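Now for the letters of each chain:
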Amino acid sequence: QVHLVESGGGLVQSGGSLRLSCEYSGLDINGLILVGWYRQAPGKECELVAATSMRSNSSTIEEVVKGRFAISRDNDKNVVFLQMTRLKAEDTAMYYCRAGGGLISTMPACHGGDDGWGRGTQVTVSS
């Protein structure tokens, strides 16, 4: 079964950097599979911020974080990273990684802990 575990969240000052990790197992990386990073802040919807194709190695960064966030992976260690720089207070949220054949950009709520989702890691950016 697919298993995803996020780590690397924490408290960081505005303008700082943070690197999130998503360790995965049970993924068919040679198939049509996407791994994405979602985030959700209290009172807001769940939104996709970055995604990568495990087969093509292509990636997508959403406009709201473009130029500051980057997604990458280490296939030997089965880890997908989210590199975050120049963090802002509005980046404060619970961050989740998700794997699937297709990733919708927004949804009312992230489904942390459900099939294909990690449990999440909290990122808090102080002003």
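Reference entry: report on the structure contained in this document. Predicted, not measured: the structure shown is a model, and the values here were computed from it.

**Regarding the pairing of strand β8 (residues 79–84)**
- Extensive coverage of β8 is indicated by the burial of 5 of its 6 residues.
- Pairing geometry for strand β3 (residues 18–25) and β8, over 6 bridges, is antiparallel. Residue pairing across strands places R19 opposite Q83, the latter belonging to β8.
- Pairing analysis gives 6 bridges linking strand β7 (residues 69–74) to β8, with the strands arranged antiparallel. Among the inter-strand pairings, R73 is bridged to a residue of β8, identified as V80.
- The turn joining β7 and β8, which pair antiparallel and follow one another in sequence, is formed by 4 residues; a positive phi near 55 degrees is taken by N78.

**With respect to the state of the cysteines**
- Counted under the stated rule, the structure contains 2 disulfides.
- Note on cysteine connectivity: C22 is disulfide-linked to C97, with sulfurs 2.2 Å apart. Taking the sign of the torsion about the S-S bond as the criterion, the disulfide between C22 and C97, at about 70 degrees, is right-handed. Remark: C97 occurs in strand β9 (residues 93–100) and C22 occurs in strand β3; sequence separation between them is 75 residues.

**Focus on the nonpolar core**
- The biggest cluster of nonpolar side chains holds 28 residues, and the ones touching the most others in it are L20, W37, V80, L82, M84 and Y95.
- When residues no more than four places from it in sequence are discounted, the contact partners of Y95 are E6, L20, W37, Y38, R39, F69, L82, M84, G120, T121 and V123.

**Side note on the pattern of salt bridges**
- Throughout the structure, instances matching the rule amount to 4 salt bridges.
- The salt bridge involving D91 is made with R39; its shortest N-O contact spans 2.9 Å. Of this pair, D91 sits in the loop between β8 and β9 while R39 sits in strand β4 (residues 34–40), and the two are 52 residues apart along the sequence.
- Each of R39, E47, R68 and D91 takes part in salt bridges that share partners, so that together they form one network.

**Things to note about the packing of aromatic side chains**
- Taken as a whole and judged by the stated rule, the model has 2 aromatic pairs.
- Measuring from ring centre to ring centre gives 5.2 Å for Y38 and W117, while their planes differ by 45 degrees; the resulting arrangement is tilted. Here Y38 is found in strand β4, whereas its partner W117 is found in the loop between β10 (106–107) and β11 (121–126), with 79 residues between them in sequence.
- Residue Y38 is classed as buried on the basis of its relative accessible area, which comes to 0%.
- On the basis of relative accessible area, W117 is assigned to the buried category, the value being 8%.
- When the centroid spacing of 6.1 Å and the interplanar angle of 80 degrees are considered together, the rings of Y96 and W117 count as edge-to-face. Of this pair, Y96 sits in strand β9 while W117 sits in the loop between β10 and β11, and the two are 21 residues apart along the sequence. Comparing Y96 with W117 shows no difference in burial state: the two are buried.
- Ring pairs connect the aromatic residues Y38, Y96 and W117, which therefore count as one cluster.
- In this structure, R19 is placed above the aromatic ring of F81, and the distance from its NZ or CZ to the ring centre is 3.8 Å.

Conventions we followed
- Residues numbered from 1 in each chain as written.
- Predicted model: local features only at pLDDT ≥ 70, side-chain atom pairs only at ≥ 80, totals over all residues.
- Heavy atoms only, no water.
- Buried < 20%, exposed > 50% of the residue type's maximum accessible area, 1.4 Å probe, protein only.
- Helix = DSSP H or I, 4+ residues; strand = E, 2+ residues; numbered from the N terminus.
- Pairing = 2+ DSSP bridges.
- Disulfide = S-S within 2.5 Å.
- Core = buried A, V, L, I, M, F, W, Y, C linked by side-chain atoms within 4.5 Å.
- Contact = heavy atoms within 4.5 Å.
- Salt bridge = Lys/Arg side-chain N within 4 Å of Asp/Glu carboxyl O.
- Phe/Tyr/Trp six-rings, centres within 6.5 Å; stacked < 30°, edge-to-face > 60°.
- Lys NZ or Arg CZ within 6 Å of the ring centre and 35° of its normal.

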